[in-house]
Amino acid sequence: MARGRRAPRLLEDRVRFETLLSDLFAGLIHVDASGLDAALENGLHQMVAFLGMDRGNLDEYIDGRPRVRVSWAEPGIAMLPSILAAEQFPWTADTLRRGSVVRLPRTEALPEEAAADRASYERVGTRSHLSIPLQAGGPMLGVLSFDSVRAERDWPDELVERLRLLSEAFASALQRKRMESVLGERLHFQRLLSDLSARLANVSALDFEKTVYGALGAIRDFLGVERAELVEFSVNGGPESSWSTLGTSDMTRVPWLMENVRDGHVVCVSRLEELPDIKSLVALPLRAAGVVLGGLVVAAVAERAWPNELIDQLRLVGEAVANALASAQAEREAARLRQHLAHIGRVSAMGELTASLAHELNQPLTAILNNAEVALRQLGTAPMNLAALREILADIVADDKRAADVIHRLRALLRKGDLAHVPLDINDVVAEVAHLVRSDVVLRKVTMTVELAPGLPGIRGDRVQIQQVILNMVLNGLEAMLDSNGRERVLAIRTARAGEAEIMVAVEDVGVGIDGNDVERMFEPLYTTKPEGLGMGLAIARTIVHAHGGQLHASNNSAGGATFGFTLPVCGKPSH
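Computed from a prediction, not measured in an experiment: that's the story for all the values here.

(A) Molecular detail of the overall build of the protein. Along the protein, the regular secondary structure elements total 13 helices and 17 strands. Considering the protein as a whole, with its 576 residues, one finds that 43% of them fall into the buried category. A separation of at least 24 residues holds for 63% of the contacts in the protein among residues at least 6 apart in sequence. Carbon together with sulfur atoms contributes 53% to the accessible area of the protein, which is approximately 29,600 Å² in total.

If you want it as structure tokens, here you go:
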């Protein structure tokens, strides 16, 4: 009779198992990725109920670190801690990592070497326990654990084999989850790399710093760290530069770290004595054309792993940053050479204005001398005419300021310093050049008109270099009118709007005009139509204008002569 009663029960258990197996595979294999976590929790609950246990865990094992994905317990019973926590269950965790099942009908069944595990199980109230490693044809993906608090129970081989079969559904789900996670991370990295390449490709020197901070922020967010820094090593003995997401650099305060990066080594450290809040750090050398230009440093305030795949990704990120550094250094060197060349051009232009500048200075100096002589004669008369002396001294002061103003303008044009891209009123810039050349214009018997359009928006640039371009165009116009053929020599300087986004400066003369064969070549270096010309003035002017984001152009006038002009992008409020 007992055998007869057992057969229906065994059949019923088998039907329940087959039903559970079917439900688990259907719920975990075919579920959408967004619903997989909920499906894992539901599947765990089903298995705990099927076994009549009190609680269960699904621990995912990633890169040597356990991470609990799902935990479920009957009401009133505390959750089971991660069974892979080596500090609590060292023997259990080691057994599972070797691919073996851990089954404990009672905690006393643990071997002597598992004394620490026994204490931990007793502390959390475990009376009977089963853990099955989850694998899908490769390394361990995680562990499925079942725990009984209210009663002890046996784990026969037949049941364990069934549970192994059920666990395959969980292993497949974890494998799919992991593959989707890896794919998502790789897509995220590809987006980061694409974004950095777009940010850093052909970035101008003016936008370099802003772009670097944006790139470092993107790298920091991708890695989930607190710090990202870029250090540019000194070039030709110059100072080192650094940019940090924190605003100030910490890594330059760690000389040994920077020396290792400078020598081309990748540095991974878990703690820095110089920066005690750093618990994990990676520093990579940035190379371009075989030269280490700087270092990329990412750091976290918590311990974390840096797997080889992530280091390889950082190397690719570093290549994009290194190329941007190399481009910025090349642009700075080109700018330095442009400055040097532009300075030579200004000195040359001042040479052409020698006579007029001497006249410009001679007038106030002569007036000062004459007034001083008159003042001396006044001092010898009795009674002295104090009112006349005050007037004479006022004239001397005014003439001195006039001479000082000429010298100030000369020094500004002739100085050799760093570029200063600042907001400018183009009308003020043009007016200063017109004032500088007025004596030369008079000496050449030329009538000069200056038409400054009101309400022009501001521009951004280097005042001296833009004045150099205007001065070059004015001198070219004056030179073109040496042979007037009886016509009145007239030079017009104008400013105007050139659409919504640009302003224009033009210099118009009534000279000989431009030969058709010269139009395309006149802006080339060393090309000149002047017997004593160097052919560098217009080439330098074009380089300056292009560096400011504008265009330089020239054309013949319908009534004779030529017009040289340039456009620059606007960036500010209207001028007064």
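Having seen the structure, we can now continue with the description.
(B) Fine view of the pairing of strand 1 (residues 55-62). Judged by how many residues are buried, strand 1 sits mostly within the fold: eight of eight residues are covered. Here strand 1 shows no split at all, with Arg55, Asn57, Asp59 and Tyr61 on one side and Gly56, Leu58, Glu60 and Ile62 on the other all buried.

(C) Up close: the packing of aromatic side chains. Under the criterion given, the structure shown has one aromatic pair. Between the aromatic rings of Phe89 and Tyr121, the centroid separation amounts to 4.8 Å while the plane-to-plane angle is 45°, which identifies the pairing as tilted. Here the residue Phe89 occupies a position in the loop between strand 2 (65-73) and helix 3 (90-97), and Tyr121 occupies one in helix 4 (residues 115-123), the gap between them amounting to 32 residues. Take Phe89 and Tyr121: they sit in the same class, and that class is buried. Arg153 extends its terminal NZ or CZ atom over the ring of Trp155, reaching a point 4.6 Å from the ring centre. Above the face of the Trp306 ring, Arg304 is positioned so that its terminal group lies 4.3 Å from the ring centre.

(D) A look at the packing of helix 5 (residues 157-200) against helix 6 (residues 208-223). Packing of helix 5 against helix 6 leaves a shortest axis separation of 10 Å and a crossing angle of 175°. It follows that helix 5 is roughly antiparallel to helix 6 by the angle criterion. Residues Glu185, His188, Phe189, Leu192, Asp195, Leu196, Arg199 and Leu200 of helix 5 touch helix 6, and the partners they reach there are Thr211, Gly214, Ala215, Ala218, Ile219 and Phe222. For the contact of helix 5 with helix 6, the residue count by class is eight nonpolar, three polar and three charged.

(E) Quick peek at helix 4. Among all positions of helix 4, only Asp117, Ser120 and Tyr121 are buried. When helix 4 is viewed along its axis, its buried side chains cluster within an angular range of 100° and face the same direction. On its buried face, helix 4 sits against helix 3, strand 3 (102-104) and strand 4 (128-135). Positive phi appears at Gly125, one or two residues downstream of helix 4, with a value of about 85°.

(F) The sheet that holds strand 10 (residues 291-300), seen in detail. The sheet built from five strands is open, its strands ordered 7-6-10-9-8 with antiparallel pairing. Only two strands of the sheet have a single neighbouring strand rather than two, namely strand 7 (241-244) and strand 8 (267-269). Taking the axes of each pair of neighbouring strands and ignoring which way they run, one obtains an average angle of 15° across the sheet. Contacts from helix 6 reach strand 6 (227-232), strand 7 and strand 10, with the element oriented near 50° to strand 7.

(G) Expanded view of a nonpolar patch on the surface. Together, Leu376, Leu379, Met384 and Leu386 give the surface a local cluster of nonpolar side chains, amounting to about 410 Å² of exposed area. Within the secondary structure, Leu376 is located in helix 9 (residues 354-379).

(H) A look at the environment of Val261. Among the structural elements, Val261 can be located in helix 7 (residues 255-262). Given a relative accessible area of 0%, Val261 falls into the buried group. With 33 residues separating them in the primary sequence, Val261 and Gly294 have C-alpha atoms 7.7 Å apart. Every residue in contact with Val261, bar those within four places of it in the chain, is listed here: Phe233, Val267, Ala283, Leu284, Pro285, Val292, Gly294 and Gly295.

(I) Molecular detail of the packing of helix 11 (residues 426-443) against helix 12 (residues 463-480). Between helix 11 and helix 12, the least distance of the axes is 10 Å, while the angle of their chain directions is 40°. Relative to helix 12, the element helix 11 is oriented oblique. Between helix 11 and helix 12 the crossing geometry is right-handed. From helix 11, Ile426, Asp428, Val429, Val430, Glu432, Val433, Val437, Asp440 and Val441 reach across to helix 12, where they touch Arg463, Ile466, Gln467, Ile470, Leu471, Val474, Leu475 and Leu478. Taken together, the residues of the contact of helix 11 with helix 12 break down into 12 nonpolar, one polar and four charged.

(J) Geometry of the pattern of salt bridges. Applying the stated criterion across every chain, the model contains 14 salt bridges. The partner of Arg55 in a salt bridge is Asp147, with the nearest N and O atoms 2.8 Å apart. Separated by 92 residues along the polypeptide, Arg55 in strand 1 and Asp147 in strand 5 (residues 140-148) bring together distant segments of the chain. Per residue, the accessibility class of Arg55 equals that of Asp147, and both read buried. Across the pair Asp277 and Arg227 runs a salt bridge, and its minimum N-O distance is 2.7 Å. A residue pair is termed long-range when its members are at least 10 positions apart, and Asp277 in the loop between strand 8 and strand 9 (280-288) and Arg227 in strand 6 qualify at 50 residues. Each of Arg106, Glu152 and Asp154 takes part in a single network of salt bridges with overlapping partners.

Reading the values: rules and limits
- Residues numbered from 1 in each chain as written.
- Predicted model: local features only at pLDDT ≥ 70, side-chain atom pairs only at ≥ 80, totals over all residues.
- Heavy atoms only, no water.
- Helix = DSSP H or I, 4+ residues; strand = E, 2+ residues; numbered from the N terminus.
- Buried < 20%, exposed > 50% of the residue type's maximum accessible area, 1.4 Å probe, protein only.
- Contact = heavy atoms within 4.5 Å.
- Areas by Shrake-Rupley, 256 points an atom, 1.4 Å probe, with all protein chains shown as cover.
- Phe/Tyr/Trp six-rings, centres within 6.5 Å; stacked < 30°, edge-to-face > 60°.
- Lys NZ or Arg CZ within 6 Å of the ring centre and 35° of its normal.
- Axes fitted to C-alpha atoms, helices over the stretch in contact; angles between N-to-C directions.
- Parallel < 35°, antiparallel > 145°, perpendicular 65-115°, else oblique.
- Nonpolar A, V, L, I, M, F, W, Y, C, P; charged D, E, K, R; others polar.
- Arc of directions from axis to C-beta.
- Pairing = 2+ DSSP bridges.
- Patch = residues over 30% accessible without salt bridge, like charges linked within 9 Å, V, L, I, M, F, W, Y side chains within 5 Å.
- Salt bridge = Lys/Arg side-chain N within 4 Å of Asp/Glu carboxyl O.
- Left-handed = near helix turned anticlockwise from the far one by under 90°.

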